[in-house]
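Structure at a glance
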Amino acid sequence: MPTMLSRFRSGGKKIRVRPDNVMAESGTPVASFSSEAQKGWPVSGHRVKSRTMINPLSFFLALATCVGISASTLAAEEKLSVLIVDGQNNHAWQETTPVLTTIFEESGRFEVSVSTSPPSAPRAPRQPKEKDPAAMEAWKKSYQKWEADKATMEKENAAKWESWRPDFAAYDVVVSNYNGELWPEPVRKALEDYVGEGGGFVAVHAANNSHPDWKAYNEMIAVGGWGGRSELSGPYLRLRDGQWTKDMTPGRGGSHGEKHEFTIETQTPDHPIMKGLPTQWLHARDELYDRLRGPAKNVTVLASAYSEESTRGSGEDEPILMAIDYGDGRVFHTTLGHDTTAMSSVGFQESLKRGTEWAATGKVTFPEISAEKMPSDSVGISEVAAAATAR
């Protein structure tokens, strides 16, 4: 039977149980719900002491009793737990994380926690265009101060990075609002294991700029931009004759033109994320990312937008919403969401909620959205009162 992931809580900690490979505390497989195991016969690689038939329902009831879970507890636990990761970004994460939190929590489907990384070092002051002696002397002093401040912060951050260990496995889905320094190796491995073993991951806007040299991360997001990405990073995704193809034309990875409103067009209407959404809608003023490139493995383009050359775009249909399989996990990648204006779009909010629920569960339970709320001739707006604090 297909692998499914069940999650229980015990003392606040989530326990993952795969019905087709239930593990004892020792880590030894004790039963497999294949047709052979249901007949009471041992399955290759699974030690069963006797040929007594194991009833799956009885097993799970016993397991629930062992970890102190009642039926009422399971029924009450309808909300999905979300961990937003932020702390560094060339975008205003201090403004957008509270908005993301509100979007999730006001839907009634999610509960949100936030893990904030150590801060990034301040940027170096730019040399003045005018090279007069007074201006250069002032710049030299500010640069020396920056060097001292940077050295102090890097020393302080070393201990902070050593202790920053977000517990991805405690959540149903992880949402990245992060674009900055490469995470420590233990954190990278934790995310790889979490998503590869069935966890959900969501990349929002500039999260696809980050970690250009982290192979697994780039496979999770399929395509990304900036950070030195080029044809060495992988192909562009290009729409040709109604099909998305991989284009290895040499060139930079990642750019965008002027911020503007643009039309988003559904490419995969039968996908759970897109079912119930209009096939076209006008999105709020935002950066339309173009020329993204990467491994582009196991990716489905859900929606696209045409990047007009008149706005300094690529002159191509660009992937905007994507679904990616990574191991046993699911990834939703949205290139939308530059700022709070972009996040006020009903289309952004609805696709984000649906994509996040899908990444966590593989299905979408949100109701259909009418074309009146997401019109194609004007921007559907739902103003978001940002959460007072990002927890």
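Note: the structure precedes this text.
Quick look at the structure, then.

Here we come to helix 5 (residues 133–163). For helix 5, which comprises 31 residues, the first-to-last C-alpha distance of 45 Å matches the rise-based estimate of 45 Å (1.5 Å per residue) to within 8%. The principal kink in helix 5, of about 30°, is found at Asn 157. Of all the residues in helix 5, the buried ones are Trp 139, Trp 146, Asn 157 and Trp 161.

This next bit is on helix 6 (residues 185–196). When the terminal C-alpha atoms of helix 6 are compared, their 16 Å separation across twelve residues agrees well with the 16 Å that a helix rising 1.5 Å per residue should span. Buried within helix 6 are the following residues: Val 187, Arg 188, Leu 191, Tyr 194 and Val 195. Looking straight down helix 6, one finds that the buried residues subtend no more than 130° of arc, so they occupy a single side. Taken from the residues just after helix 6, Gly 198 is the one with a positive phi, measuring 120°.

Attention now goes to the nonpolar core. Side chains of nonpolar character tend, in soluble globular proteins, to be buried together. Formed by 39 residues in total, the largest nonpolar core has its most connected members in Phe 104 and Leu 321. Element by element, the count of residues in this core is highest for helix 9 (residues 346–361), at six residues. If we ignore the near neighbours within four places in the chain, the residues touching Phe 104 are Val 82, Ile 84, Arg 109, Phe 110, Val 112, Val 175, Leu 352 and Thr 356. In terms of nonpolar packing, the next biggest core, distinct from the first, is built from 33 residues, Trp 183, Tyr 217, Met 220 and Leu 292 among them.

What counts and what doesn't
Residues numbered from 1 in each chain as written. Predicted model: local features only at pLDDT ≥ 70, side-chain atom pairs only at ≥ 80, totals over all residues. Heavy atoms only, no water. Helix = DSSP H or I, 4+ residues; strand = E, 2+ residues; numbered from the N terminus. Expected span 1.5 Å × (residues − 1). Bend = angle between axes of the 7 residues up to and from the residue. Buried < 20%, exposed > 50% of the residue type's maximum accessible area, 1.4 Å probe, protein only. Arc of directions from axis to C-beta. Core = buried A, V, L, I, M, F, W, Y, C linked by side-chain atoms within 4.5 Å. Contact = heavy atoms within 4.5 Å.

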